[in-house]
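Each chain, written out:
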Amino acid sequence: MVATGNVDALTSCPKNVRPPIASFAPTMWADIFASLSLDDKVQEKHAEAIEGLKEEARSMLMAEGSTVVDKLILIDTLERLGVAYHFDQEIEDQLQEIFQFHSKDENDYDLFTTSLQFRLLRQHRHFVSCGVFDKFKGKDNKFKETLSKDGKGLLSLYEAAHVRIHGEDILEEAIGFTTHHLKRMVRELDSPLQEQVKRALEQSLHRGVPRIETRHFISFYEKNDSRNELLLKLAKLDFNFLQNLYKKELYELSRWWNKFDLKSKLPYARDRMVECYLWGMTFRFEPQYSYVRVAIAKGMQMVSIMDDTYDNYATLEEADLFTEILERWDINEIDRLPNYMKIVYRFILSIYDDYEVEAVKQGKSFAIPYAKEAVKQLGRAYNKELKWFMGRQMPTFEDYFANTVYTSCIYVMFTALIPGVQSASEETIDWLMSEPKILIATAKMGRYVEDLGTHERENKEGQMLTAVDCYMKQHGVSKEETLNKFMELAEDGWKDLNTEWVTKTSTVPKDTVEQLLNYARVAEVTYKNCQDGYTNPEKYLAPQIIALFVDPIAI
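The shown structure was predicted, so the numbers you read here are calculated from the model rather than taken from an experiment. (Residues numbered from 1 in each chain as written. Predicted model: local features only at pLDDT ≥ 70, side-chain atom pairs only at ≥ 80, totals over all residues. Heavy atoms only, no water.)

Asks: If you had to explain the layout of surface pockets to someone new, which residues and values would you point to?
Replies: Estimated volume of the largest pocket: approximately 970 Å³. Forming the walls of the largest pocket are 38 residues, and the residues nearest its centre are Glu 79, His 124, Phe 285, Lys 510 and Glu 514. Those elements that place two or more of their residues in the lining of the largest pocket are α2 (68-80), α3 (88-102), α4 (111-123), α8 (210-222), α11 (273-283) and α22 (510-526). Looking at the lining of the largest pocket, the element that brings in the most residues is α22, giving six residues. Tallied by class, the residues present in the lining of the largest pocket amount to 13 nonpolar, ten polar and 15 charged. (1 Å grid on protein atoms, 1.4 Å probe; cavity = no way out; pocket = protein on both sides within 12 Å on 5 of 7 lines; lining within 4 Å. Points joined across faces, edges and corners; volume = space filled by probe spheres on them. Helix = DSSP H or I, 4+ residues; strand = E, 2+ residues; numbered from the N terminus. Nonpolar A, V, L, I, M, F, W, Y, C, P; charged D, E, K, R; others polar.)

Dropping the structure here:
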């Protein structure tokens with residue numbers, strides 16, 4: 001986002017010059033979701049069947065005489081099939097018991113079981129030492145070569161290594177060891193282990209969007225000779241039940257969005273409402289969180305329009321004025337804005353008028369001033385970026401990244417969802433505003449992966465500079481070295497996040513912290529392999545969206 005040339009001459013950029021304007025492809029989805037027709041009777045039948053199967057699955061979970069290994073495999077299967085949310089408390093109780101009384105039993109466990117127990121306990125916020133893997137090392141302090149033929153065990157260790165924290169050298173080694181051997185053996189593996197390994201190498205479970213991974217796992221599980229038909233049926237029915245719910249939400253959201261007709265009024269801005277909804281669904285997929293999904297989708301599309309307004313169209317003068325009037329938050333000030341900005345301003349205020357009504361209704365009115373302040377803060381941060389980059393003032397990399405805590409939009413998203421989260425309280429807001437380490441780590445990590453994905457687009461064929469150019473200039477390194485550094489910083493961000501998840505955040509409601517984890521997951525998936533999947537969803541995000549929101553699973 002910074003124009004090239006003399007990077008220190010602020011005066012060389014007149015305040016009434018527009019940035020180079022990029023044109024974006026229209027939405028891929030046209031009116032697919034706005035024209036859906038849904039059958040409530042089908043939903044009722046699904047709900048009824050799910051209730052019966054749930055009780056049978058619960059009996060399996062609570063069965064007397066199951067070994068710890070049986071319990072771990074069943075819990076993992078329920079989680080991967082996407083139905084564990086029906087048994088949250090039962091699963092928490094069982095893992096708590098395993099952690100307290102059985103986590104020392106792993107001396108007898110093989111690689112598969114040791115890794116599975118380690119990952120499940122860590123994912124449920126129980127700190128287990130990575131020392132449990134020492135027994136798999138030989139006298140040379142390297143992983144024993146005999147493990148290199150155990151495909152199932154290697155896959156389990158590979159997935160476990162993704163919950164690592166700083167200083168766990170054995171798990172760093174495990175990533176290299178398992179990746180090397182899994183790639184080497186994948187062609188010889190039998191189905192469905194072969195498909196599972198291919199998927200894991202493409203996307204680790206811990207860092208993936210849970211519903212996307214569920215959709216893949218149901219296909220793998222169906223091919224598994226030792227599958228439980230009852231669990232498979234429950235998973236398929238539950239998947240389709242939730243998909244119908246998502247379709248209904250997308251139908252209502254699409255009609256709401258079309259009413260504003262911003263795609264024709266603001267042609268410089270991206271129309272990505274369905275992709276925004278994918279982010280909302282990642283934050284909370286369970287049926288009772290409809291408000292959260294829709295609020296995140298609306299908030300993210302609003303943020304996208306603000307971003308494109310500052311970054312892709314506004315002059316410095318217009319951006320200053322917009323930022324000032326956003327600070328005032330008063331519809332009576334609207335006439336001071338140019339026409340296109342009036343449309344943006346009215347859209348923002350309309351979203352937050354609705355927000356106020358819902359916040360009051362849900363007893364969350366304490367969140368209103370914070371939610372508005374998050375939008376104002378975002379406007380200030382975007383404006384600061386524009387001044388740096390259009391004004392050709394190269395910030396230090398540290399200054400740039402301090403500002404990205406706001407441009408990551410994490411505050412806008414997290415205040416937006418509060419009316420839809422029962423456990424959210426004033427303490428939750430106070431915690432978010434205290435800039436806890438997990439929030440800062442998540443925001444920055446989200447920006448590293450986003451910058452990896454968007455720097456080519458934002459560079460506008462060399463006419464604008466980006467965070468990548470910032471780092472290259474300050475450190476005197478090549479583009480390739482910079483991209484590698486960003487990948488390393490994103491990896492460090494994951495370790496920070498995993499550390500805070502498992503050791504530091506037990507006083508904050510679990511669902512608040514879980515949403516930070518889900519923010520990191522969807523950012524990683526959206527900008528995977530240095531691609532901008534949000535702006536150009538066709539290649540990677542579109543197939544996921546079709547699988548999650550369009551095509552039901554055959555039962």
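Asks: A description of unusual backbone geometry should follow, citing residues and the corresponding values.
Replies: Looking along the chain, the bond that leaves Ser 191 and enters Pro 192 is cis, with omega of 5°. The topology assignment puts Pro 192 in the loop between α6 (169-185) and α7 (193-202). Positive phi, normally seen in glycine, also occurs at Arg 125, with a value near 70°. Within the secondary structure layout, Arg 125 lies in the loop between α4 and α5 (151-161). Its relative accessible area of 17% is what places Arg 125 among the buried residues. At Asn 529, a residue that is not glycine, the phi angle is positive and equals roughly 55°. (Buried < 20%, exposed > 50% of the residue type's maximum accessible area, 1.4 Å probe, protein only.)

Asks: How would you explain helix α19 (residues 437-459) if you had to name every residue and give the values?
Replies: Counted at 1.5 Å a residue, the expected span for α19 with its 23 residues is 33 Å, and the 30 Å between its end C-alpha atoms agrees. The sharpest bend along α19 measures roughly 50° and falls at Gly 453. (Expected span 1.5 Å × (residues − 1). Bend = angle between axes of the 7 residues up to and from the residue.)

Asks: Could you give an account of the confidence of the model for the protein chain, with specific residues and numbers?
Replies: Summarising the model, the protein chain shows a mean pLDDT of 92, and 95% of its residues fall at 70 or more. Note on residues 1-11: pLDDT under 50 across the span, and 37 contacts to partners over four residues away in sequence or across chains. (pLDDT = per-residue confidence, 0-100. Contact = heavy atoms within 4.5 Å.)

Asks: Hey, could you go over the side chain of Asp 496 for me, with residue numbers and the actual values?
Replies: Following the sequence through the fold, Asp 496 ends up in helix α21 (residues 479-504). Of the side chains with opposite charge, Lys 437 comes closest to the buried, unpaired Asp 496, at an N-O distance of 4.5 Å. Within polar-contact distance, the side chain of Asp 496 engages the side chain of His 166 at 2.7 Å. When neighbours within four sequence positions are excluded, Asp 496 is seen to be in contact with His 166, Lys 437 and Ala 441. (Lys, Arg positive; Asp, Glu negative; His and termini not counted. Salt bridge = Lys/Arg side-chain N within 4 Å of Asp/Glu carboxyl O. Polar contact = N/O pair within 3.5 Å; in protein donor to acceptor, adjacent residues only side chain to side chain.)

Asks: Tell me about the packing of helix α9 (residues 229-260) against helix α12 (residues 290-312), and name the residues and values.
Replies: Think of two packed helices as two axes; the pair is described by the angle between the axes and how far apart they sit. The interhelical angle for the contact between α9 and α12, taken along N-to-C directions, is 40°, at an axis separation of 11 Å. By crossing handedness, the relation of α9 to α12 is classed as right-handed. Contacts between α9 and α12 involve Leu 245, Tyr 246, Glu 249, Leu 253, Trp 256 and Trp 257 on the former and, on the latter, Ser 290, Arg 293, Val 294, Ala 297, Lys 298, Gln 301 and Ile 305. Looking at the contact of α9 with α12 residue by residue, the classes come out as eight nonpolar, two polar and three charged. (Axes fitted to C-alpha atoms, helices over the stretch in contact; angles between N-to-C directions. Left-handed = near helix turned anticlockwise from the far one by under 90°.)

Asks: Account for the packing of α7 against α8, naming residues and giving values.
Replies: It is at 9 Å that the axes of α7 and α8 come closest, and there the two elements cross at 165°. Classified by the interaxial angle, the pair formed by α7 and α8 is roughly antiparallel. α7 and α8 meet at a crossing whose hand is right-handed. Facing α7, whose interface residues are Glu 195, Gln 196 and Arg 199, α8 presents Ile 212, Glu 213, His 216, Phe 217 and Phe 220. Of the residues contributing to the contact of α7 with α8, the split by class is three nonpolar, two polar and three charged. (Parallel < 35°, antiparallel > 145°, perpendicular 65-115°, else oblique.)

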